[in-house]
Amino acid sequence: MNEDEFRRLCEFIYRRTGMVFTEAKRYYVERRMADRMLATGSTSFASYFARLRSDVRGEVEQFINAFTVNETYFYREDHQLQCLSADLLPRRILRPRANKTIRIWSVPCSTGEEPYSIAIWLLENWPQADAYEIEILGSDIDTRVLDAARAGLFGRRALMRLSADLIAKYFEQTDAEHWRLIDDLRQSISFSPVNLVEAAETRAHGAFDVIFCRNVLIYFDDASRRTAAENLYENLLPGGFICLGHSESMSRISPLFDVCRYSDAIVYQRPMERADG
Amino acid sequence: MPLVRKSTAAVDAPPADVEELKTALASSRPDERWQAARALIDMPGGIALLGAGLATEADIRVREVIFSGIARTATPEGAALLLQLLRSEDASLRSGALDALAAMPADMLAGRLPELLYDEDPDVRLLACELARGMPSEDATQLMADLLERESEPNVCAATMDVLAEIGGPQALPVLQRSAERFASSPFLAFAIEIAVKRIKTTLDSGR
Ligand SMILES: C[S@@+](CC[C@H](N)C(=O)[O-])C[C@H]1O[C@@H](n2cnc3c(N)ncnc32)[C@H](O)[C@@H]1O
């Protein structure tokens, strides 16, 4: 791939996903590009790129799937889960609510470890859970990982931070290396495709009490981070919270949110509805 | 199990009609103005409406979404609006405009910069120095050196030296040396010149 081809490809990925790939990631980009060319039987950059641009047989989706980084595991940064049950949800239920449904969005959810972790954590650690209907939704731009999330089959690495008790309670071992999440849990969480930088797609998911948006903004540049932040702002109920990954900070992205420092985590809040003055 | 699945109601999208958005932009609810401003950026005629709205907009979130939207879309019309705002009486509008301009592609501003650096208002010249920081080193060096040669306002001189210290090339050295004589009586400027000269020489040496 020459300079110009590399640049055009990166530009295409950026426009479609917000993800930025620089010269430093050239090997990563070339590897994935080679895979897609092989899979589609393309013999040159030009013929593959033409196919991509006219989206022959849904190639754009396959292409994006190939470029995402899907690393995730159960109970990742569980201090934020602690914060969810100790601080965020108690604050969300302080005010009288129009209904008993609490909505939580894991976006991006990758292969499902994050939304399932939220579910397990709340069942285990939030005594009030039974008094509410808790709706947890997982979404991602990568349609492959969403299929995996729905299937709910996990390897050893994904479970490394869960205790043996939790594994015994919520999983069934299928072979020496794999565990399947119990049906009850799998069926209680929905998964859907979403592109964080497309407002029409994020809006379709409705308004949430809490959003987990972890470990994706690191792949974006400032402009796409800001677009994602603005989109998610619209998906929060007034007073709703957003949790980012540990190396991500909203303060550097957008002044839209208020910073809340709780004992277990720093999170960001959409201010209550304000009127002028 | 308290976990449920439901079909959800989408968040309201902003109106798709410019007239309705214009009304929403005058709403007493900041969230409504915020959403309208966000939507207007991509609409024909939107930037002009937003520019007019900025003058009376008191909410920093609404202001921010306008500035970041103008920076993101990076149109000549947006750039012209921001350049105009560099003359605003309102300091927060000036700095918002400056940040948004700095976030635009450098080549959008390159053509406008010389004229700003010749502006009769020293505050505008000062802000223009900040914008020069984002230019390629060679262009910025030339612009800053030219300005320094004719500038009498100490604040603006200090700004040019600061930019030169950060990204200046060796072509600036003769001008800096001449101004060292000119500002010999101002310890502050003399010091700033010394730093700029030192930095440029160090960069030069390490580049060899
Ligand atoms: C490293 S995973 C993060 C998973 C989980 N949140 C965690 O912290 O473990 C990053 C995910 O971001 C998704 N992604 C990348 N760009 C996206 C976009 N524009 N919209 C939605 N998801 C995106 C990728 O598909 C990938 O699954």
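Definitions and cut-offs
- Residues numbered from 1 in each chain as written.
- Chains lettered and ligands numbered in written order.
- Predicted model: local features only at pLDDT ≥ 70, side-chain atom pairs only at ≥ 80, totals over all residues.
- Heavy atoms only, no water.
- Helix = DSSP H or I, 4+ residues; strand = E, 2+ residues; numbered from the N terminus.
- Buried < 20%, exposed > 50% of the residue type's maximum accessible area, 1.4 Å probe, protein only.
- Expected span 1.5 Å × (residues − 1).
- Pairing = 2+ DSSP bridges.
- Axes fitted to C-alpha atoms, helices over the stretch in contact; angles between N-to-C directions.
- Near = heavy atom within 4 Å.
- Polar contact = N/O pair within 3.5 Å; in protein donor to acceptor, adjacent residues only side chain to side chain.
- Areas by Shrake-Rupley, 256 points an atom, 1.4 Å probe, with all protein chains shown as cover.
- Nonpolar A, V, L, I, M, F, W, Y, C, P; charged D, E, K, R; others polar.
- UniProt positions renumbered as here; feature names shortened; annotations may be inferred.
- Salt bridge = Lys/Arg side-chain N within 4 Å of Asp/Glu carboxyl O.
- Domains from an automatic or database assignment.
- Contact = heavy atoms within 4.5 Å.
- Buried area = accessible area lost by both parts, 1.4 Å probe.

Visitor: Help me out: how do you make sense of the environment of Lys 22 of chain B in this one?
Guide: Residues and elements named next belong to chain B. When you line up the elements, Lys 22 lands in helix α1 (residues 18-25). Accessibility expressed as a relative area gives 41% for Lys 22, which makes it partly exposed. Counting along the chain gives 28 residues from Lys 22 to Leu 50, while the straight-line C-alpha distance between them is 9.0 Å.

Visitor: Would you explain helix α6 (residues 113-125) of chain A in this entry?
Guide: An α-helical segment advances 3.6 residues per turn. Residues three or four places apart therefore align on the same side. For α6 of chain A, built from 13 residues, the straight-helix expectation of 18 Å at 1.5 Å per residue is met to within 8% by its first-to-last C-alpha distance of 17 Å. In terms of burial, α6 of chain A is largely enclosed, as 10 of its 13 residues are buried.

Visitor: Where do I start with the sheet that holds strand β3 (residues 153-155) of chain A in this structure?
Guide: The pairing of strands in a sheet happens through backbone hydrogen bonds and is either parallel or antiparallel. All names here are of chain A. Reading across the sheet, the three strands line up as β3-β5-β4 and stay open at both edges, with antiparallel pairing between neighbours. Whereas interior strands pair on both sides, the edge strands pair on one side only; in this sheet they are β3 and β4 (171-175). Here the average twist between neighbouring strands, direction ignored, is 35°. Here β3 runs beside strand β5 (residues 178-181); their pairing, made up of three bridges, is antiparallel. Note that in β5 the partner of Leu 153 across the bridge is Arg 180.

Visitor: I would appreciate a short explanation of the site of the ligand in the present structure.
Guide: Residues and elements named next belong to chain A. Close to the ligand lie 21 residues, the nearest being Thr 72, Arg 76, Pro 108, Asp 140 and Asn 215. Side-chain polar atom of Arg 76 to an oxygen atom of the ligand: 2.7 Å apart, as the coordinates give it. Bound to the protein, the ligand loses 99% of the 610 Å² it would expose on its own. For the shell around the ligand, the per-class residue count stands at eight nonpolar, seven polar and six charged.

Visitor: Sorry, what's going on with the UniProt feature "domain: CheR-type methyltransferase" (unreviewed entry) in chain A here?
Guide: Taking the numbering used here, the UniProt-annotated feature "domain: CheR-type methyltransferase" (unreviewed entry) corresponds to residues 1-273 of chain A. The distance separating the terminal C-alpha atoms of residues 1-273 of chain A is 51 Å; by composition the span is 43% helix and 19% strand.

Visitor: Sorry if this is basic, but what is going on with the pattern of salt bridges here?
Guide: Where charged atoms of side chains with opposite charge meet at close range, the side chains can pair. All names here are of chain A. Summed over the entire model, instances satisfying the criterion amount to 38 salt bridges over all chains. The residue Arg 36 makes a salt bridge to Glu 59 at a minimum N-O spacing of 2.9 Å. Pair noted here: Arg 36 is in helix α2 (residues 26-40) and Glu 59 is in helix α4 (residues 59-67), with a separation of 23 residues, a long-range link. For the pair formed by Arg 36 and Glu 59, the shared burial category is buried. Among the salt bridges present, the one from Arg 103 reaches Glu 135, with a minimum N-O distance of 3.0 Å. Within this pair, whereas Arg 103 is found in strand β1 (residues 101-106), its partner Glu 135 is found in strand β2 (residues 133-140), the two being separated by 32 residues in sequence. We note that Arg 103, like Glu 135, is buried.

Visitor: What exactly am I supposed to notice about the domain arrangement of chain A here?
Guide: Many analyses report the size of an interface as the accessible area lost when the parts associate. Residues and elements named next belong to chain A. The domain architecture assigned to chain A consists of domain 1 (3-66) and domain 2 (78-276). In this structure, domain 1 and domain 2 have C-alpha centres spaced 30 Å apart. Contact residues are listed per partner, giving 10 residues for domain 1 and 11 residues for domain 2. At the boundary of domain 1 with domain 2, total buried surface from both sides reaches about 860 Å², with 50% on carbon and sulfur atoms. Counting every contact that joins domain 1 to domain 2 gives zero salt bridges. There are seven residue pairs in polar contact (both at pLDDT 80 or more) connecting domain 1 and domain 2. Of all the secondary structure elements, the ones that give two or more residues to the side of domain 1 that touches domain 2 are α1 (3-17) and α4. When the residues that make up the side of domain 1 that touches domain 2 are grouped by side-chain class, the tally is five nonpolar, three polar and two charged.

Visitor: Sorry, what's going on with the interface of chain B and chain A here?
Guide: On the chain A side, the residues contacting the 28 residues of chain B number 42 residues. Looking only at chain B, the three residues that lose the most surface to chain A are Pro 2, Leu 3 and Arg 61 of chain B, adding up to 23% of its buried area. On inspection of chain B and its partner chain A, the count reaches six salt bridges. Residue Arg 270 of chain A pairs with Asp 31 of chain B through a salt bridge whose shortest N-O separation is 2.8 Å. Connecting chain B to chain A are 16 residue pairs in polar contact (both at pLDDT 80 or more). Secondary-structure elements contributing two or more residues to the side of chain B that touches chain A are β1 (3-4), α2 (30-40) and α4 (60-73) of chain B. Among the elements that line the side of chain B that touches chain A, the one with the most residues is α2 of chain B, at six residues. Looking at the side of chain B that touches chain A, its residues break down into 12 nonpolar, five polar and 11 charged. Taken together, the two bridges between β2 of chain A and β1 of chain B define a ladder with parallel strand orientation.

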